[in-house]
Amino acid sequence: MSESELQRALLHVYANVERLGAYAPELFARFALSNSDLQVLCDVMTLQRDGLLLHAALLRDKQRRLIAGALPASASLAEARLTALLDLFAVREGVGDLAGTLRRFADHAGEACATAPTRELELIRFEALHASIALQPPSARRTSAVVRSAYDVHAAASSCCWPDAATPCWYFLFQAHGDRVTVLHVSPRLADLLELFQQGLSRDEVLRTLETERERAAAAASIEKLVCAGAPIA
Amino acid sequence: MTDRFGLLYDDRFARDLASRPDAVDFLEIIPDRYFALDDLAALPDLPTVFHSLDLSIGSDEPLDPAYLDAVVRLARHCKPLWASDHLAVSKIDGTSLGQLTPVRCRAASVKRMAGKLVEVQERLGVPFLIENIAYYVRLPGADLSEGELLHRLVAASGCGVLLDLNNLAVNAANHRFDPYAYLREFPMHAVGEIHIAGSRRRGAMVIDSHADPVGELVWELLRFAASALPSVRVVLERDQDLPPFGELVRELSFARECVEAVR
């Protein structure tokens, strides 16, 4: 068997050691492992549990540090909520790059926000999305995000202080080629259309969802402006 | 050659370093943190070496071309004197694990790992060193010691080694072996750089924290290693719970004293 397959199985153990419990060969049924590979896993899980738990804890600590370090405004304005979210954020088998991890964390905050929205959660979600877009490697397919918030979390993230009052905002975030992240305030209607782009619809398909020729012309003009600004939409 | 002493570079002490550039002989840079070239504008004008994290020399798959390209691009900009990475698996199926994980030291792995080391050296065009990591799990099924594996990698690829004395001290404490016996088996003739750092207890084990002062055993190991080498290049790694810059300089001065004491 290849060393890779054993490493994949070990990765499964590192990421899930706390819930896996005692060794059993069935835990590794999805891996193509030889008997000697299974013996390695048995030895490690039986005789080196402290080491496995430490490895998993260090991995989790590192992920927490990286995420918190990328969200300075949230760490400053919403520290307790950020800590609670991080506590519940699972380590995956293979963390991928930081941009991907932050995108997953933004989704995690978004799920919490859908249940019980607060300005802290909205800020964390916004800042995580912003950071994930900012950190996209130049070779990656450019992504964007549409964010709705009951507070001006963009201003909060920029100034590191809360606004005086709630102000519903719709943002469109994207990274133009080689540039920093652009954050645009958009109308609720345009935000709806941009979400259709995010679902994979083409420009024609998005425009066809509008009822009148006048609406389609106005939307086409807005979309054209975004494209000229470097927005990654079709 | 002369002994040289450097620091793992951290943006947080950039201003202090700018006012005391003579405090260090060179800087070690983790290229992964600076793949956006703009970030390097503020780097002090000092000789640099690279210490990458994700070449995954120990994994069973080819080098990640995008990652290697990024390191090479940065190397063209920074012109490091040499570069290094770890004897570890950090990537599987192209996905980063987020943590260095240990390899099984097996004779059958030498050809594959050496091939990757040769490729990296050819692409970077500078000497390349491979570092012993701290590991908290020892993988059964090895047919070589770590020292033997490193000897074979040096012979097969022409690479050098980066001897991390704190990783050695941590492993010796956690896995209960004699660090001096390890050093006697280590390919000392190929040591191009030495790391020193701090550790701390966590539960029943010791971790390579990069957050604490260098421990007494590491200073002793530095004296021992330096006495076996005609010259050393020592880097102090501290990137967590960063103390005032003056404290880093004091630790680096103490490293100089340790080395000078055995010259």
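None of these values were measured; they are calculated from a predicted model. (Residues numbered from 1 in each chain as written. Chains lettered and ligands numbered in written order. Predicted model: local features only at pLDDT ≥ 70, side-chain atom pairs only at ≥ 80, totals over all residues. Heavy atoms only, no water.)

*Asks:* Just checking my understanding: could you explain the overall build of chain B for this structure?
*Replies:* Scanning chain B for helices and strands turns up 8 helices and 12 strands. For a compact globule of 263 residues, the expected C-alpha radius of gyration is about 18 Å, and chain B comes in at 17 Å, within 12% of that figure. With respect to the principal axes defined by its C-alpha atoms, chain B has extents near 50 × 40 × 40 Å. By residue count, 60% of the 263 residues in chain B fall in the buried class. Here the contacts in chain B between residues at least 6 apart in sequence split such that 75% fall between residues at least 24 apart. In chain B, 28 side chains carry a positive charge and 39 a negative one; their mean positions are 2 Å apart. (Helix = DSSP H or I, 4+ residues; strand = E, 2+ residues; numbered from the N terminus. Rg over C-alpha atoms; globule rule 2.2 N^0.38 Å. Buried < 20%, exposed > 50% of the residue type's maximum accessible area, 1.4 Å probe, protein only. Contact = heavy atoms within 4.5 Å. Lys, Arg positive; Asp, Glu negative; His and termini not counted. Charge placed at Lys NZ, Arg CZ, Asp CG, Glu CD.)

*Asks:* Where do I start with the interface of chain A and chain B in this structure?
*Replies:* You'll often see interface size given as the accessible area lost when the parts meet. Facing 28 residues of chain A, the contacting portion of chain B comprises 26 residues. Both sides together, the interface formed by chain A and chain B hides about 2,500 Å², and carbon and sulfur atoms give 58% of it. Broken down residue by residue, the surface that chain A buries against chain B is led by A:Glu3, A:Gln7 and A:Leu54, which jointly contribute 23%. Between the two partners, chain A and chain B, sit 5 salt bridges. For the salt bridge of B:Arg202 with A:Asp61, the shortest nitrogen-to-oxygen distance reads 2.5 Å. Scanning the region where chain A abuts chain B turns up 9 residue pairs in polar contact (both at pLDDT 80 or more). Sorting the residues of the side of chain A that touches chain B by element identifies α1 (3–20), α2 (35–47) and α3 (49–70) of chain A as the ones contributing at least two each. Here the element with the most residues in the side of chain A that touches chain B is α3(A); it accounts for 11 residues. A per-class count over the side of chain A that touches chain B returns 12 nonpolar, 8 polar and 8 charged. (Buried area = accessible area lost by both parts, 1.4 Å probe. Salt bridge = Lys/Arg side-chain N within 4 Å of Asp/Glu carboxyl O. Polar contact = N/O pair within 3.5 Å; in protein donor to acceptor, adjacent residues only side chain to side chain. Nonpolar A, V, L, I, M, F, W, Y, C, P; charged D, E, K, R; others polar.)

*Asks:* Just to check I follow, could you spell out the pattern of salt bridges for this structure?
*Replies:* A side chain of one charge can pair with a side chain of the opposite charge if their charged atoms are brought near each other. Applying the stated rule across the entire model yields 26 salt bridges over all chains. One salt bridge in this structure joins A:Glu5 and A:Arg8, with 2.4 Å as the shortest N-O distance. A residue pair is termed a helical-turn pair when its members lie 3 or 4 positions apart in one helix, as A:Glu5 and A:Arg8 do in helix α1 at 3 residues. Residue classification places A:Glu5 among the buried residues on the basis of a relative accessible area of 13%. A:Arg8 gets classed as partly exposed once you look at its relative accessible area, which sits at 24%. Across the pair A:Arg60 and A:Glu18 runs a salt bridge whose closest N-O atoms are separated by 3.3 Å. Of the two residues, A:Arg60 is situated in helix α3 and A:Glu18 in helix α1; the sequence distance between them amounts to 42 residues. Connected through shared salt-bridge partners, A:Glu3, A:Asp37, B:Arg104 and B:Arg106 make up one network.

*Asks:* Mind showing me how you'd approach helix α5 (residues 165–175) of chain B here?
*Replies:* Because each turn of an α-helix spans 3.6 residues, side chains separated by three or four positions in sequence point in the same direction. Residues and elements named next belong to chain B. In terms of burial, α5 is largely enclosed, as 10 of its 11 residues are buried. Residues of α5 that are buried: Leu 165, Asn 166, Asn 167, Leu 168, Ala 169, Val 170, Asn 171, Ala 172, Asn 174 and His 175. Between the side-chain oxygen at the start of α5 and the backbone nitrogen of Asn 166 there is a gap of 3.0 Å, and the oxygen is on Asp 164. Looking one or two residues past α5, Arg 176 carries a phi angle of roughly 55°, positive in sign.

*Asks:* Sorry, what's going on with the sheet that holds strand β3 (residues 181–185) of chain A here?
*Replies:* Hydrogen bonding along the main chain pairs the strands of a sheet, whether they run parallel or antiparallel. Residues and elements named next belong to chain A. Pairing is antiparallel across the open sheet formed by 3 strands, whose spatial order is β1-β2-β3. If you trace the sheet from one side to the other, it starts and ends with β1 (144–149) and β3, each paired once. Geometrically, the sheet is characterised by an average inter-axis angle of 20° between neighbouring strands, direction not taken into account. Both β1 and strand β2 (residues 169–175) contribute to a ladder of 6 bridges, which runs antiparallel. The residue bridging Ser 144 from the neighbouring strand is Phe 174, located in β2. Its contacts with the sheet put helix α7 (residues 119–134) on β1, β2 and β3, and the angle it makes with β1 is roughly 165°. In the packing of helix α9 (residues 188–198) onto the sheet, the strands contacted are β1 and β2, and the crossing angle to β1 comes to about 140°. (Pairing = 2+ DSSP bridges. Axes fitted to C-alpha atoms, helices over the stretch in contact; angles between N-to-C directions.)

*Asks:* Can you help me understand the packing of helix α5 (residues 79–87) of chain A against α7(A) in this one?
*Replies:* Residues and elements named next belong to chain A. Close contact between α5 and α7 brings their axes to 9 Å; oriented N to C, the two are set at 65°. Viewed along their axes, α5 and α7 adopt a mutual orientation that is roughly perpendicular. Considering the relative orientation of α5 and α7, their crossing is right-handed. Listed contacts from α7 to Arg 81, Leu 82 and Leu 85 of α5 are Glu 120, Leu 121 and Ile 124. Its residues assigned to classes, the contact of α5 with α7 shows 4 nonpolar, no polar and 2 charged. (Parallel < 35°, antiparallel > 145°, perpendicular 65-115°, else oblique. Left-handed = near helix turned anticlockwise from the far one by under 90°.)

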